[in-house]
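Residue-level listing of the chains:
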Amino acid sequence: MSSIEWRSIAYEKHYSETLTGLEAKRNSDPSYKIENAKGVLKHLYIQEGNDQGGRGEVQDICLAAQIAAYESFIAGWEKILP
């Protein structure tokens, strides 16, 4: 497996798992609002910026995938809001 391949696999896995979890949360919890997702995304951005070289490549990939999933989820949700 090439170094690019494992990165892509890890990214896609974490992106998919995060997005699936968010959709399940929205569908099963009526108290879950878009503001909740936006709050978590804000904290993910902070976490991303707080790395001082110690997080490592795998965690960077996971965090990038989570951020992308939250951004996609929120954008999709905003399209269907009244």
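Residues numbered from 1 in each chain as written. Predicted model: local features only at pLDDT ≥ 70, side-chain atom pairs only at ≥ 80, totals over all residues. Heavy atoms only, no water.

How should the pattern of salt bridges be read in this particular structure?
Once the charged atoms of two side chains with opposite charge are near each other, the side chains can pair. This model, assessed by the stated rule, comprises 5 salt bridges. Note that Arg 7 and Glu 57 form a salt bridge whose closest N and O atoms lie 2.3 Å from each other. Of this pair, Arg 7 sits in helix H1 (residues 3-28) while Glu 57 sits in helix H3 (residues 57-80), placing them 50 residues apart in sequence. By relative accessible area, Arg 7 is classed as partly exposed at 28%. (Salt bridge = Lys/Arg side-chain N within 4 Å of Asp/Glu carboxyl O. Helix = DSSP H or I, 4+ residues; strand = E, 2+ residues; numbered from the N terminus. Buried < 20%, exposed > 50% of the residue type's maximum accessible area, 1.4 Å probe, protein only.)

Quick question: what am I supposed to make of the packing of aromatic side chains here?
When we look at a pair of aromatic rings, we describe it by the centre distance and by the angle of the planes. Following the criterion strictly, the structure yields 3 aromatic pairs and no others. Ring geometry for Tyr 11 and Tyr 15: centres 6.3 Å apart, planes at 15 degrees, overall stacked. Residue Tyr 11 and its partner Tyr 15 are located together in helix H1, separated by 4 residues, close to a single helical turn. By relative accessible area, Tyr 11 is classed as partly exposed at 26%. Relative to Trp 77, the ring of Tyr 32 lies with its centre 6.0 Å away and its plane at 25 degrees, an arrangement referred to as stacked. Placement of Tyr 32 in the loop between H1 and helix H2 (34-49) and of Trp 77 in helix H3 is noted, with a sequence separation of 45 residues between them. (Phe/Tyr/Trp six-rings, centres within 6.5 Å; stacked < 30°, edge-to-face > 60°.)

Is there a simple way to think about the nonpolar core in this case?
Considering soluble globular proteins, one finds that nonpolar side chains tend to be buried as a cluster. Formed by 14 residues in total, the largest nonpolar core has its most connected members in Tyr 32, Ala 37, Tyr 70, Phe 73 and Ile 74. The element contributing the most residues to this core is H3, with 7 residues. Dropping the residues within four chain positions of it, Phe 73 is found in contact with Leu 19, Leu 22, Glu 23, Arg 26, Tyr 32 and Ala 37. (Core = buried A, V, L, I, M, F, W, Y, C linked by side-chain atoms within 4.5 Å. Contact = heavy atoms within 4.5 Å.)

What is the right way to read the packing of H2 against H3 from this model?
The packing of two helices is summarised by the inter-axis angle and the distance between the axes. Running from N to C, H2 and H3 cross one another at 155 degrees; their axes reach a closest spacing of 10 Å. Considered as vectors, H2 and H3 are oriented roughly antiparallel to each other. Considering the relative orientation of H2 and H3, their crossing is left-handed. Facing H2, whose interface residues are Ile 34, Ala 37, Lys 38, Val 40, Leu 41, Leu 44, Tyr 45, Gln 47 and Glu 48, H3 presents Leu 63, Gln 66, Ile 67, Tyr 70, Glu 71, Phe 73, Ile 74, Trp 77 and Glu 78. (Axes fitted to C-alpha atoms, helices over the stretch in contact; angles between N-to-C directions. Parallel < 35°, antiparallel > 145°, perpendicular 65-115°, else oblique. Left-handed = near helix turned anticlockwise from the far one by under 90°.)

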